[in-house]
Amino acid sequence: MGLDLEWGHDPITGAPKQTVDEIYNEIISEAQNKKTFIPNNVVILLHDEMFQTKWKESDLKRLIDKLRTDNNIVFEQMRFYPQ
């Protein structure tokens, strides 16, 4: 499988380097500009240490909520990733 983006983090604090809006814009840009490994699919590397807050307060939840507002975005399990 191809890795398209990494949500970078500070190695000491674990804090994300990009805001939710910044990583969201990167995801949309990569997909729209057809810069992904497999067209119309975006795989993002996330790091556990970035998400130490409660789920309801997490940047990851905020990102997923924001992505879900776009009717063109569908979340799938990796078993459905095109081969």
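See the structure above.
Residues numbered from 1 in each chain as written. Predicted model: local features only at pLDDT ≥ 70, side-chain atom pairs only at ≥ 80, totals over all residues. Heavy atoms only, no water.

> Describe in detail helix H2 (residues 59-68), supporting the description with residues and values.
Where H2 is concerned, the buried positions are Leu60, Leu63, Ile64 and Leu67. Seen along its axis, H2 keeps its buried residues to an arc of 95°; they face one direction. Elements in contact with the buried residues of H2: helix H1 (20-32). (Buried < 20%, exposed > 50% of the residue type's maximum accessible area, 1.4 Å probe, protein only. Helix = DSSP H or I, 4+ residues; strand = E, 2+ residues; numbered from the N terminus. Arc of directions from axis to C-beta. Contact = heavy atoms within 4.5 Å.)

> Any details on unusual backbone geometry? Residues and values, ideally.
Look at lysine 34: it is not a glycine, yet its phi comes out positive at around 55°. Of note, lysine 34 is situated in the loop between H1 and strand S2 (44-45). On the accessibility criterion, lysine 34 (66% relative accessible area) is exposed.

> Residues and numbers for the environment of leucine 60, please.
Here leucine 60 shows up in helix H2. For leucine 60, a relative accessible area of 17% puts it in the buried group. Those residues within four positions of leucine 60 in sequence are excluded, and the remaining contacts are Trp7, Leu46, Phe51 and Trp55.

> Could you give an account of the pattern of salt bridges, naming the residues involved and the relevant values?
Enumeration according to the criterion identifies 3 salt bridges in this entry. Among the salt bridges present, the one from aspartate 21 reaches lysine 66, with a minimum N-O distance of 2.6 Å. Of this pair, aspartate 21 sits in helix H1 while lysine 66 sits in helix H2, and the two are 45 residues apart along the sequence. We note a salt bridge from lysine 61 to aspartate 65, for which the minimum N-O separation is 2.6 Å. Here the residue lysine 61 and the residue aspartate 65 both occupy positions in helix H2, the gap between them amounting to 4 residues, near one helical turn. Judged by relative accessible area, aspartate 65 falls into the partly exposed class, the value being 34%. (Salt bridge = Lys/Arg side-chain N within 4 Å of Asp/Glu carboxyl O.)

> Could you give me a rundown of the nonpolar core, with the residues and numbers involved?
Grouped together as the largest cluster of nonpolar side chains are 13 residues, with contacts concentrated most on Trp7, Ile27 and Leu63. Put simply, the parts of the chain that give this core at least two residues each are H1 and H2. Looking at this core element by element, the count peaks at 5 residues for H1. (Core = buried A, V, L, I, M, F, W, Y, C linked by side-chain atoms within 4.5 Å.)

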